[in-house]
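Geometric and topological summary
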Amino acid sequence: MSCPRPEARASQRTAGLVLCTLVPALVAGACAGPTAAEAPPPDAGPAAVRVLDTPTTTGSTAYALAAGADGAAYLAWIEPVTNAGYALRFSRLENGAWSAARDIARGDDWFVNWADHASLTALPDGTLLAHWLVNTGRKEGAYGYGIRVARSSDRGDTWSTVFEDGMDNVSDYAGFLTFLPGASGAEAVYLKPLTPDDGTAAHGEEEHTKTLAAVSFAADGTPSDQQVVDDDVCSCCTTDMAVTADGLVAVYRDHLPGEIRDISIVRRVDGAWSAPARVAEDGWMIPGCPTNGPVVAARGQRVAVAWFTAAGDTPRVKLALSQDAGRTFAAPIVVDDGNPVGWPDLVMQDDGRVLVSWLERRGEGVGEVLVRRVSADGVPATPLVVAASVSGRATGIPHMIAAGETVIVAWRNERVLSAAVPLRAIP
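Throughout what follows, the structure given in this document is the object of discussion. (Residues numbered from 1 in each chain as written. Predicted model: local features only at pLDDT ≥ 70, side-chain atom pairs only at ≥ 80, totals over all residues. Heavy atoms only, no water.)

Brief notes about the overall build of the protein chain
Selection rule: The helix count covers DSSP runs of H or I at least four residues long, the strand count covers runs of E at least two residues long, and both are numbered beginning at the N terminus. Each residue is assigned to one of three classes by its accessible area relative to the maximum for its type, calculated with a 1.4 Å probe on protein chains only: buried under 20%, partly exposed between the two thresholds, exposed over 50%. Residue contacts are counted whenever heavy atoms from the two residues lie within 4.5 Å of one another. Every accessible area reported is derived by Shrake-Rupley at a probe size of 1.4 Å, with residue values counting cover from the shown protein chains alone.
In terms of helices and strands, the protein chain carries zero helices and 32 strands. Looking at the 427 residues of the protein chain, the share that counts as buried comes to 61%. Excluding contacts between residues fewer than 6 apart, the proportion of contacts in the protein chain whose partners are at least 24 apart in sequence is 54%. Accessible area of the protein chain: about 15,400 Å², with a carbon and sulfur share of 49%.

As structure tokens, this is what we get:
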């Protein structure tokens, strides 16, 4: 169920995918096809796409977007600093421009990776929560790291740690955390080991068996209700959360009997998490984690889930829609342009229409970040090209959020970049 073991540095190809270990500090793009220097220009895209002056440096990575209750957009990222460590930084989009970058934290003991991004979320009262990955000081091999969450009550001037998990890991890891802000705090889901990692397990499949864990944060950052929601999930795919009229939902890539790695959903109704249920039965059998997780968006009873699959050796980005808060889903539709890399993101509009972004491969080492609108009844329109990029892991995992009458998209070409796309410009 795990990513290839730390010592297995050679790439493995399965169903046209490259499965690589989660090597730290991906700056130039290991397992990513061409080097960053070969990437297309960062401003490639149609006239409707406004590339933003993003306050990031060369080598910046591990990025994430977030939307505030006031309609503001935030961008967080990690970049190398001169003392051989890293800085987690953030910026706020104000009057159509990113503010000067500000530090959240700095450290020389972090795990920095192309897939397991740091993140930031904004609560309605302006409180900020951020997370990143920290080596435990006991690590053996490539892993041995956990999650750190910090809080700021002064809009980012000062930060204090409020939560950690996985800090006893020796050769395993906790990560892939997703925040979901709420009226009185925030929720989060993430991956953590099935059993405590004391370093005695053999390097093998059982070492990286993961669970889906959930935790709640009060407005003052106090964590509570930490629990395991699913005790056997795919070990290195991103997670996501949304809130419906009936409560929270979380999606993730599951690990089912026979090495099936389809997408599952859990729902928290009346304070209790439901049993996992598959969004769709792709039947993708793959003997390792593809590092390509699902996303979810919701409005009222409407829920949309998008994900990548290569079942039947055919890469696809799919979208499934629910009208009953995620209890059941209609048959999925294909939304890619024929040769997807994956890594989708979602925005749901008030009228039930859905915007899906993903990375599409256009040639050897060449890719495009696309956005496609899908009607409320599941009819896809023509995709819009947001940016050209490399088609591999040097791009990181593109993100998209809504900000007023635009969507903001972030990706990576040598550094973290972003663009604003008016909703009216998307077919």
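Once you've had a look at it, read on.
Notes on the sheet that holds strand S10 (residues 128-135)
Counted only if it meets this: At least two DSSP bridges between two strands are required for those strands to pair. Note on geometry: axes are C-alpha line fits, over the in-contact stretch for helices, and angles between N-to-C directions span 0 to 180 degrees.
With antiparallel pairing, the four strands of this open sheet are ordered in space as S9-S10-S11-S12. Only two strands of the sheet have a single partner each, and these edge strands are strand S9 (119-122) and strand S12 (160-165). Ignoring which end each strand starts from, the neighbouring axes of this sheet average 25° apart. Looking at chain direction, S9 and S10 are connected through four bridges and run antiparallel. Bridge pairing links Leu120 to Ala130 in S10.

Some words on the sheet that holds strand S14 (residues 185-193)
An order of S13-S14-S15-S16 is seen for the four strands of this open sheet, with the pairing classed as antiparallel. A single partner strand is all that each edge strand has here, and the edge strands are strand S13 (175-182) and strand S16 (223-233). For this sheet, the mean angle separating the axes of adjacent strands, direction not counted, is 20°. Alignment of S14 against strand S15 (residues 210-218), held across nine bridges, turns out to be antiparallel. The residue bridging Tyr190 from the neighbouring strand is Ala213, located in S15.

A short note on the environment of Ala325
The residue Ala325 is located in the loop between strand S24 (316-322) and strand S25 (333-334) in this model. Classification of Ala325 by relative accessible area gives buried; the value is 2%. Along the chain, Ala325 and Val243 lie 82 residues apart, while their C-alpha atoms are 8.8 Å from each other.

Side note on the nonpolar core
The tendency in soluble globular proteins is for nonpolar side chains to be buried as a group. Heads up, the rule is: Only buried residues count toward a nonpolar core, which is a set of Ala, Val, Leu, Ile, Met, Phe, Trp, Tyr and Cys residues joined through side-chain atoms within 4.5 Å.
Within the largest apolar cluster, 77 residues are counted, with the highest numbers of intra-cluster contacts made by Val149, Phe217, Val386, Ile408 and Trp411. Of all hydrophobic cores here, the second largest spans 23 residues; its members include Ala72, Leu88, Val112 and Leu120.

Description of the pairing of strand S29 (residues 384-390)
Side chains on a regular strand alternate between the two faces of the sheet. Within S29, six of the seven residues are buried, which leaves the element mostly enclosed by the surrounding structure. Relative to S29, strand S28 (residues 366-374) is paired through six bridges, and the arrangement is antiparallel. Each bridged residue has a counterpart across the sheet, and for Val371 the counterpart in S29 is Leu384.

Observations regarding the pairing of S13
The element S13 is largely enclosed, with a buried count of six among its eight residues. In this structure, S13 lies alongside S14, joined through six bridges in antiparallel fashion. Of the residues in S14, the one forming a bridge with Gly182 is Gly185. Between S13 and S14, which pair antiparallel and follow one another directly, the connecting turn spans two residues.

Thoughts on the environment of Ala73
With respect to the element layout, Ala73 can be found in strand S5 (residues 73-80). When its relative accessible area of 1% is taken as the criterion, Ala73 is described as buried.

Thoughts on the packing of aromatic side chains
For clarity, the threshold we go by: Centres within 6.5 Å are what make two rings of Phe, Tyr or Trp a pair, Trp counting through its six-membered ring; a difference in plane orientation under 30 degrees is then read as stacked, over 60 as edge-to-face, and the rest as tilted.
Summed over the entire model, instances satisfying the criterion amount to ten aromatic pairs. Both rings, one in Trp110 and one in Trp132, keep their centres 5.7 Å apart while their planes meet at 45°; by these two values the pair is tilted. Here the residue Trp110 occupies a position in the loop between strand S8 (102-107) and S9, and Trp132 occupies one in strand S10, the gap between them amounting to 22 residues. Geometrically, the ring pair formed by Phe163 and Tyr190 is edge-to-face, given 6.2 Å between the ring centres and 70° between the ring planes. Separated by 27 residues along the polypeptide, Phe163 in strand S12 and Tyr190 in strand S14 bring together distant segments of the chain. Exposure remark for Tyr190: the relative accessible area of 0% places this residue in the buried category.

Quick look at the pattern of salt bridges
For clarity, the threshold we go by: Salt-bridge detection follows one rule: a side-chain nitrogen of Lys or Arg within 4 Å of a carboxyl oxygen of Asp or Glu.
Enumeration over the complete set of coordinates arrives at 19 salt bridges. Its salt-bridge partner being Arg89, residue Glu79 comes within 3.4 Å of it at the nearest N-O pair. Residue Glu79 is found in strand S5, and its partner Arg89 is found in strand S6 (residues 86-94); the two are separated by ten residues along the sequence. Residue Glu79 shares its accessibility class with Arg89, and that shared class is buried.

A closer look at the side chain of Glu79
Rules: Identification of polar contacts relies on pairs of N or O atoms within 3.5 Å, with a donor-acceptor requirement for protein atoms, meaning one able to donate a hydrogen and the other able to accept it, and with residues adjacent in sequence counted only if both atoms are side-chain atoms.
Residue classification places Glu79 among the buried residues on the basis of a relative accessible area of 5%. A polar atom in the side chain of Glu79 sits 3.4 Å from the side chain of Arg89. Discounting chain neighbours no more than four positions away, the residues touching Glu79 are Thr56, Thr57, Ser60, Gly85, Tyr86, Ala87 and Arg89.

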